Every structure is written in structure tokens, then in C-alpha cells.
Amino acid sequence: MPLATTPDSAPDGKPAVHRHLKIQVGAAKRLRKEHDLYCQEAQAQEQKLSKLADENAEEWELKHARRIAEESQKMVKDTRNRLDKAVQELTSFVASIRNKPEFENDEELVKAEEALKAASV
């Protein structure tokens, strides 16, 4: 991907930059959606665990529910880390091309900046 990080290095630099922006924007959006879903799942598992505890469920049921809730929390942390990394990469890439004259009023760049706002947590 050298064309994406150095858009001036080839005559087709702008299309390569647009392609790279689309990929990074798509990844950030997907990871944001994934993070939100894991947060919902973790919350649901915590509620289920609480309900089982209130109902005096058997120990093996509680242990199993606790293990599932812990796994959900691990996935929330993992997706958060991956989302943060994707946002950081997109932010630095956008910053590197923002002030270049050929990208002034560029539609793809505007979409990328909007996606950054939406993906940031």
C-alpha cells in the first residue's frame, strides 16, 4: 500500500488514496457496529447472570453464566482496542492528506471525517 501512504509517488495516487480511505472507513464503521453489539451482549449476559443469582440457580448454571459474561466482557475490550486502533490509523491518514491541494473539498475525505466522528467512542 505504498501508494496510499504517499499519494504523490504515482500518477494514480488519488484513486489509490480514495481506495485506502474507503477500506479504512469501512473497517472503522464495522468495528463500531461490532463493538456496540458486544456491549449489548455483555449487558444481556450480566442481566441473565443476575437473574440466575436471584432465582438461586444451581452452581453449575451460575458458573456457566459467569463464564459467558466474562467472555462477553473480553470481547468488548478486544473490539474496543481494535476500534481505537482503526480510528487512530484513519485519523493519521486523514491528517496526512487533509492539507494537500488535490484533496481540497474532496468528497471521500469528507466522508472519512464523518466516519471518524461516528466511530469515535
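Look up a bit, the structure's there.
Residues numbered from 1 in each chain as written. Predicted model: local features only at pLDDT ≥ 70, side-chain atom pairs only at ≥ 80, totals over all residues. Heavy atoms only, no water.

Which residues make up helix α4 (residues 107-119), and what values go with them?
Across its 13 residues, α4 extends 18 Å between first and last C-alpha, which sits within 8% of the 18 Å expected from 1.5 Å per residue. Inspection of α4 places E108, L109, A112, A115, L116 and A119 among the buried residues, and these make up the whole buried set. Here the buried residues of α4 occupy an arc of 120° about the axis, which is enough to place them on one side. Looking at α4, the residues exposed on the side facing more than 90 degrees away from the buried face are E107, E114, K117 and A118. Each element contacted by the buried residues of α4 is listed here: α2 (13-54) and α3 (59-98). (Helix = DSSP H or I, 4+ residues; strand = E, 2+ residues; numbered from the N terminus. Expected span 1.5 Å × (residues − 1). Buried < 20%, exposed > 50% of the residue type's maximum accessible area, 1.4 Å probe, protein only. Arc of directions from axis to C-beta. Contact = heavy atoms within 4.5 Å.)

Kindly report on the pattern of salt bridges, identifying the contributing residues and their values.
As enumerated under the stated definition, the model contains nine salt bridges in all. Two residues, R98 and E113, come together in a salt bridge whose shortest N-O distance is 2.8 Å. Remark: E113 occurs in helix α4 and R98 occurs in helix α3; sequence separation between them is 15 residues. Note on R98: relative accessible area 40%, which makes it partly exposed. (Salt bridge = Lys/Arg side-chain N within 4 Å of Asp/Glu carboxyl O.)

Which residues make up the packing of α3 against α4, and what values go with them?
Relative to each other, α3 and α4 sit at 150°, their axes nearing to 10 Å. Considering their axes alone, α3 and α4 lie roughly antiparallel with respect to each other. α4 is crossed by α3, and the crossing has left-handed handedness. Of the residues in α4, those in contact with L83, V87, L90, T91, V94, I97 and R98 of α3 are L109, A112, E113, L116 and A119. Its residues placed into classes, the contact of α3 with α4 shows nine nonpolar, one polar and two charged. (Axes fitted to C-alpha atoms, helices over the stretch in contact; angles between N-to-C directions. Parallel < 35°, antiparallel > 145°, perpendicular 65-115°, else oblique. Left-handed = near helix turned anticlockwise from the far one by under 90°. Nonpolar A, V, L, I, M, F, W, Y, C, P; charged D, E, K, R; others polar.)

Shape is all these values report; function is a separate question.
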